[in-house]
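# Structural characterization, general
So you can see what is in the structure, the chains are spelled out below.
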Amino acid sequence: MQCRQAREYLPSYADGTGARHLIVEEHLRGCPACKSELDGYRQLVGDLGHMSEQMIEPPSWLLGAVTETVSEKAGRIAAMRDRTRQLSDPKILTGGAVVAAGVVGAMLIRGRRKRTRTRRLLESLAG
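Once a new chain begins, its residue numbering starts again from 1 and follows that chain's sequence as written. Since the coordinates come from a predicted model, pLDDT governs what is reported: local features require at least 70, and pairs of side-chain atoms require 80 or more to be given and counted, while whole-chain, interface and lining totals use all residues. In computing side-chain values, all of the structure's heavy atoms are included and hydrogens and water are not.

## A word on the overall build of the protein chain
Where we set the bar: A run of DSSP states H or I qualifies as a helix once it reaches four residues; a run of E qualifies as a strand once it reaches two. Both are numbered from the N-terminal end. Only C-alpha atoms enter the radius of gyration; for comparison, a globular chain is expected to reach 2.2 Å times N to the power 0.38, where N is the number of residues. Exposure classes here rest on a 1.4 Å probe applied to the protein chains alone. A residue is buried below 20% of its type maximum, exposed above 50%, and partly exposed in between. For this analysis, residues touch if any pair of their heavy atoms sits within 4.5 Å. Accessible surface is estimated by sampling points in the Shrake-Rupley manner with a 1.4 Å probe; for residues, cover comes only from the protein chains shown.
On a plain count of helices and strands, the protein chain comes out with five helices and zero strands. Beginning at the N terminus, the succession of helices and strands in the protein chain can be written as α-α-α-α-α. For the protein chain, the C-alpha radius of gyration of 36 Å lies well beyond 14 Å, the compact-globule estimate for 127 residues. The principal-axis extent of the C-alpha atoms belonging to the protein chain is close to 100 × 50 × 25 Å. Looking at the 127 residues of the protein chain, the share that counts as buried comes to 8%. Across the protein chain, the fraction of contacts at a sequence separation of at least 24, relative to all contacts at a separation of at least 6, is 48%. Surface summary for the protein chain: the accessible area is close to 10,800 Å², and the carbon and sulfur share equals 60%.

## Comments concerning the nonpolar core
Which entries qualify depends on this criterion: As used here, the term nonpolar core means buried Ala, Val, Leu, Ile, Met, Phe, Trp, Tyr and Cys residues forming a set that is joined through side-chain atoms within 4.5 Å.
Of all hydrophobic cores here, the largest spans eight residues; its members are L10, Y13, A14, V24, L28, C31, C34 and L38. In terms of residues, this core owes the most to one element, helix 1 (residues 3–14), which gives three residues. Non-local contacts of L38, meaning those with residues more than four positions away in its chain, are made with L10, Y13, A14 and L28.

## What to know about the environment of T69
Inspection of the secondary structure assignment puts T69 in helix 4 (residues 62–87). Overall, T69 belongs to the partly exposed group, its relative accessible area being 40%. A sequence separation of 32 residues divides T69 from E37, and the C-alpha atoms of the two residues are 43 Å apart.

## A short note on the confidence of the model for the protein chain
To keep it simple, the criterion reads: Confidence scores labelled pLDDT are given residue by residue by the predictor and lie between 0 and 100.
Here the protein chain averages 84 in pLDDT, and 95% of its residues register 70 or above. In the model of the protein chain, helix 5 (residues 90–126) stands out as the element of lowest mean pLDDT, 82, in contrast to helix 4, which has the highest, 90.

## A closer look at the environment of I109
One can find I109 in helix 5. Counting along the chain gives 66 residues from I109 to Q43, while the straight-line C-alpha distance between them is 79 Å.

## A few points about a positive patch on the surface
This is how the line gets drawn: Distance thresholds for patches are 9 Å for like charges and 5 Å for nonpolar side chains (Val, Leu, Ile, Met, Phe, Trp, Tyr), applied to residues having over 30% relative accessible area and no salt bridge. One speaks of a salt bridge when a side-chain nitrogen belonging to Lys or Arg is within 4 Å of a carboxyl oxygen belonging to Asp or Glu. As used throughout, the charge tally considers Lys and Arg to be positive and Asp and Glu to be negative, leaving His and the chain termini uncounted. By convention, charge coordinates are those of NZ in Lys, CZ in Arg, CG in Asp, or CD in Glu.
A contiguous patch of positive charge on the surface is contributed by R110, R113, K114 and R117. Along the chain, the position of K114 falls in helix 5.

## Considerations on the packing of helix 1 against helix 2 (residues 21–29)
The condition that has to hold: A fitted line through C-alpha atoms serves as each axis, taken over the contacting stretch for helices, and the angle formed by two N-to-C directions is quoted from 0 to 180°. The handedness criterion is simple: a crossing whose near helix is rotated anticlockwise from the far helix by less than a right angle is left-handed, and one whose near helix is rotated clockwise is right-handed. Residue classes follow a fixed rule: Ala, Val, Leu, Ile, Met, Phe, Trp, Tyr, Cys and Pro count as nonpolar, while Asp, Glu, Lys and Arg count as charged, and any other residue, Gly among them, counts as polar.
The interhelical angle for the contact between helix 1 and helix 2, taken along N-to-C directions, is 115°, at an axis separation of 10 Å. Regarding helix 1 and helix 2, the two cross each other, and that crossing is left-handed. Every residue of helix 2 that contacts helix 1 at C3, A6, Y9, L10 and Y13 is listed here: H21, V24, E25, H27 and L28. Class assignment of the residues belonging to the contact of helix 1 with helix 2 gives a composition of seven nonpolar, two polar and one charged.

## Some thoughts on a nonpolar patch on the surface
On the surface, W61, L62, V66 and V70 cluster together into a nonpolar patch covering about 390 Å² of accessible area. Relative to the assigned elements, V70 resides in helix 4. Take V70: its relative accessible area is 53%, and that puts it in the exposed class.

Right, dumping it as structure tokens:
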């Protein structure tokens, strides 16, 4: 195993959850650089373990700010759901389909009229 490959496994190896345990261990026997990096990870795991035991009090204003933000977002979500329900109303969908069919029909008729005028003009020029 090369250093580049071994270094991918060092963080999980440091906390004892690593895969390829034997292969990494074998590499570490002959590589002081990776062993040093492993020591750094082990120190970090230990430091993080001590941090989890510390109690941190949030600032007094935080609860109000979070509650206000959540309420605003909940209101926006409710408004979006209402709009979605309104737009999915069968009456609106049917009306939209009728309007779309009318527009397509008008475009077809207009195109047919243009073709008829063009044909008549060509006939008059040829005749």
